[in-house]
Amino acid sequence: MRKQKWLYHYLKPINLEGSDMNRSHIFLSLVVLSGASHAAPLYNFVEIDQTASFISGHNVAKQPVVNDAAVRKEYTLMERTASLSAVSVTPDGRQYTAEVDQESLSLLEQAIAIIESHGLDSRIFSSKGQAPTMFRGEEQLLPTVVIGTDDRVQITNTVQNPHWYNGRIDVGCTGTLITAKHVLTAGHCVSDGSGNWYSSLDFTVAQSGNYEPWGSESWTNAVTTSAWHNNSDTNYDYAIIVLAEPPHNGYSGWGVYSGGTHSVTGYPGDKPFATMWTDSGSTSSSTYRVCYTLDTAGGQSGSGIKDTSNSVRGIHTTGSSSQNCGTRITSSVYNTLQDWIENYP
């Protein structure tokens, strides 16, 4: 019953009163998924007999170069299955893999197509945030790739919504809490794309210079796609980092991208150490990517691309002199991330 459980989980928060049409559409999706009730879960991580290769050091993550032809690539079901297979690692070097079953993926994609065709994806494939519940006293912070003019603005008070969900990753990236313990970031912030992992993945939420309002949390697992980890496929450049403890029990809302104005907030390497900066503006999208002329720099990789309600709709990954881009959270990416979170609670 695992496949049905997925969709019921995502439908719980939706109010469908007075909407027989929406109920019927979702029922059709459940019918599609019911055929897979006997199948294995989409992800089932199994340990492999190979110790991880780590790259040590802070600020060593490198932004990938995007090939325009690769961005426009159309994948077959077999290629999508291989790309969506996942790999994970623990700090002591244990590695796990999860192969995706073609039948399971096909059935999931059919259900998603039904939901998206009726415009229900943004309602179903979204998760609400939660404000922090743990504070260190009453202390508040009041401290003293750029395209054209630098329009970034420094966040001088990081201990407020929505900035207290953003944090700095020691490897030299940014991440966003999307559950109390799960940090959403770029795949190239946990792996070099050639089969090697980064070891400096501790996370400091709401950091501003030397000020660390909730301290730094160590990591227990990192998960990314096989397509990124082994083949540097920028269309699958996303990851989660699992923390040992919740920094403050809060987390951001997040879900599928649906256009409009967005912001990118993170820790650019060309600004004073560990200071948080933001820029906002219009975005455009393709199948796998969200692009914009917002100013960014190295260190902001992994930043959440947030809509005007401050929900994360993508993950910043690359930049150039003409436009910056990130991984688009599609219905498939959303389901993938939810499954990873369930596997590594």
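Residues numbered from 1 in each chain as written. Predicted model: local features only at pLDDT ≥ 70, side-chain atom pairs only at ≥ 80, totals over all residues. Heavy atoms only, no water.

**Q** Help me get a handle on the overall build of the protein chain, residues and values and all.
**A** A tally of regular secondary structure across the protein chain gives eight helices and 22 strands. For the protein chain, buried positions account for 57% of its 345 residues. Per element, the accessible surface of the protein chain, about 14100 Å² overall, is 49% carbon and sulfur. (Helix = DSSP H or I, 4+ residues; strand = E, 2+ residues; numbered from the N terminus. Buried < 20%, exposed > 50% of the residue type's maximum accessible area, 1.4 Å probe, protein only. Areas by Shrake-Rupley, 256 points an atom, 1.4 Å probe, with all protein chains shown as cover.)

**Q** An account of the side chain of serine 88 is needed here, citing residue identities and associated values.
**A** For serine 88, the location among the structural elements is in strand β3 (residues 86-89). Contact partners of serine 88, with chain neighbours within four places excluded, come to Phe45, Arg94, Gln95, Tyr96, Trp197, Ala222, Val223 and Tyr344. (Contact = heavy atoms within 4.5 Å.)

**Q** So what's going on with the confidence of the model for the protein chain? Which residues, and what values?
**A** The share of residues in the protein chain with pLDDT of 70 or more is 81%, and the mean pLDDT across the chain is 84. Here residues 138-145 is a poorly scored stretch, pLDDT under 50, and it has 19 contacts once near neighbours within four places are set aside; other chains count. (pLDDT = per-residue confidence, 0-100.)

**Q** How would you explain helix α8 (residues 331-343) if you had to name every residue and give the values?
**A** The terminal C-alpha atoms of α8, which comprises 13 residues, lie 18 Å apart, in line with the 18 Å expected from a rise of 1.5 Å per residue. When you tally the buried positions in α8, you get ten out of 13 residues, the bulk of the element. Considered for burial, the residues of α8 that qualify are Ser331, Val333, Tyr334, Asn335, Thr336, Leu337, Gln338, Asp339, Trp340 and Ile341. (Expected span 1.5 Å × (residues − 1).)

**Q** Kindly report on the sheet that holds strand β14 (residues 239-243), identifying the contributing residues and their values.
**A** Note on sheets: strands pair through backbone hydrogen bonds, and any given pair is parallel or antiparallel. The strand order across the open sheet built from ten strands is β1-β4-β3-β13-β14-β9-β8-β7-β11-β12, with neighbouring strands paired in antiparallel fashion. Single-partner strands in this sheet number two, and they are β1 (46-48) and β12 (216-217). Sheet topology places strand β8 (residues 173-177) next to strand β9 (residues 182-185); two bridges connect them, and they run antiparallel. Bridging across to β9, threonine 176 finds its partner in leucine 184. Set on the sheet, α8 makes contact with β3, β9, β13 (219-225) and β14; between it and β14 the angle comes to about 25 degrees. (Pairing = 2+ DSSP bridges. Axes fitted to C-alpha atoms, helices over the stretch in contact; angles between N-to-C directions.)

**Q** I'd love a proper account of helix α5 (residues 102-117), names of residues and values included.
**A** The first and last C-alpha atoms of α5 sit 22 Å apart over 16 residues, in line with the 22 Å expected at 1.5 Å per residue. Among all positions in α5, only Ser104, Leu105, Leu107, Leu108, Ala111, Ile112, Ile114 and Ile115 are buried. Where α5 terminates, the next one or two residues include glycine 119, which has phi positive at roughly 70 degrees.

**Q** Go over the state of the cysteines, please, and point to the residues and values.
**A** Cysteine pairs can be covalently joined through their sulfur atoms, and such a bond is termed a disulfide. Under the counting rule described, the total for this entry stands at two disulfides. The disulfide that involves cysteine 173 links it to cysteine 189, with 2.2 Å between the sulfurs. An S-S torsion of about -85 degrees defines the bridge between cysteine 173 and cysteine 189 as left-handed. Of this pair, cysteine 173 sits in strand β8 while cysteine 189 sits in the loop between β9 and β10 (197-198), placing them 16 residues apart in sequence. When its relative accessible area of 0% is taken as the criterion, cysteine 189 is described as buried. A sulfur-sulfur distance of 2.0 Å marks the disulfide that ties cysteine 291 to cysteine 325. Its S-S torsion of about 105 degrees marks the bond between cysteine 291 and cysteine 325 as right-handed, since a negative value means left-handed. With cysteine 291 in strand β19 (residues 289-292) and cysteine 325 in strand β22 (residues 324-328), this residue pair connects regions lying 34 residues apart in the sequence. Residue cysteine 291 is classed as buried on the basis of its relative accessible area of 11%. When the cysteines engaged in disulfides are numbered in sequence order, the protein chain pairs them as 1-2, 3-4. (Disulfide = S-S within 2.5 Å.)

**Q** Quick one: what's the story with the nonpolar core, residue by residue and with numbers?
**A** In this structure, Tyr43, Phe45, Leu201 and Trp340 are the most contacted members of the largest nonpolar core, which totals 65 residues. Core analysis: the next-biggest nonpolar cluster, separate from the first, contains six residues, Tyr257, Val264, Val290 and Tyr292 among them. (Core = buried A, V, L, I, M, F, W, Y, C linked by side-chain atoms within 4.5 Å.)

**Q** How would you explain the packing of α5 against α8 if you had to name every residue and give the values?
**A** Where α5 contacts α8, the axes come no closer than 10 Å and their chain directions differ by 125 degrees. Classified by the angle their axes make, α5 and α8 are oblique. Taken as a pair, α5 and α8 cross one another with a handedness that is right-handed. Every residue of α8 that contacts α5 at Leu108, Ile112 and Glu116 is listed here: Ser331, Ser332 and Asn335. Class assignment for the residues of the contact of α5 with α8 results in two nonpolar, three polar and one charged. (Parallel < 35°, antiparallel > 145°, perpendicular 65-115°, else oblique. Left-handed = near helix turned anticlockwise from the far one by under 90°. Nonpolar A, V, L, I, M, F, W, Y, C, P; charged D, E, K, R; others polar.)

**Q** If you had to explain unusual backbone geometry to someone new, which residues and values would you point to?
**A** With an omega of 0 degrees, the peptide bond between asparagine 161 and proline 162 qualifies as cis. Residue asparagine 249 is not a glycine yet carries a positive backbone phi of 75 degrees. On the accessibility criterion, asparagine 249 (24% relative accessible area) is partly exposed. With a phi close to 60 degrees, alanine 274 is a non-glycine residue in the positive phi region. Relative to the helices and strands, alanine 274 is located in the loop between β16 (261-266) and β17 (277-282). Given a relative accessible area of 5%, alanine 274 falls into the buried group.

**Q** Give a detailed account of the pairing of strand β21 (residues 312-319), specifying residues and quantitative values.
**A** When you tally the buried positions in β21, you get seven out of eight residues, the bulk of the element. As judged from the three bridges shared by strand β20 (residues 304-307) and β21, these two strands associate in the antiparallel manner. In the strand pairing of β21, isoleucine 305 is matched with glycine 314. Note: β21 against β22, five bridges, orientation antiparallel. Its bridge partner lying in β22, threonine 318 is registered against cysteine 325.

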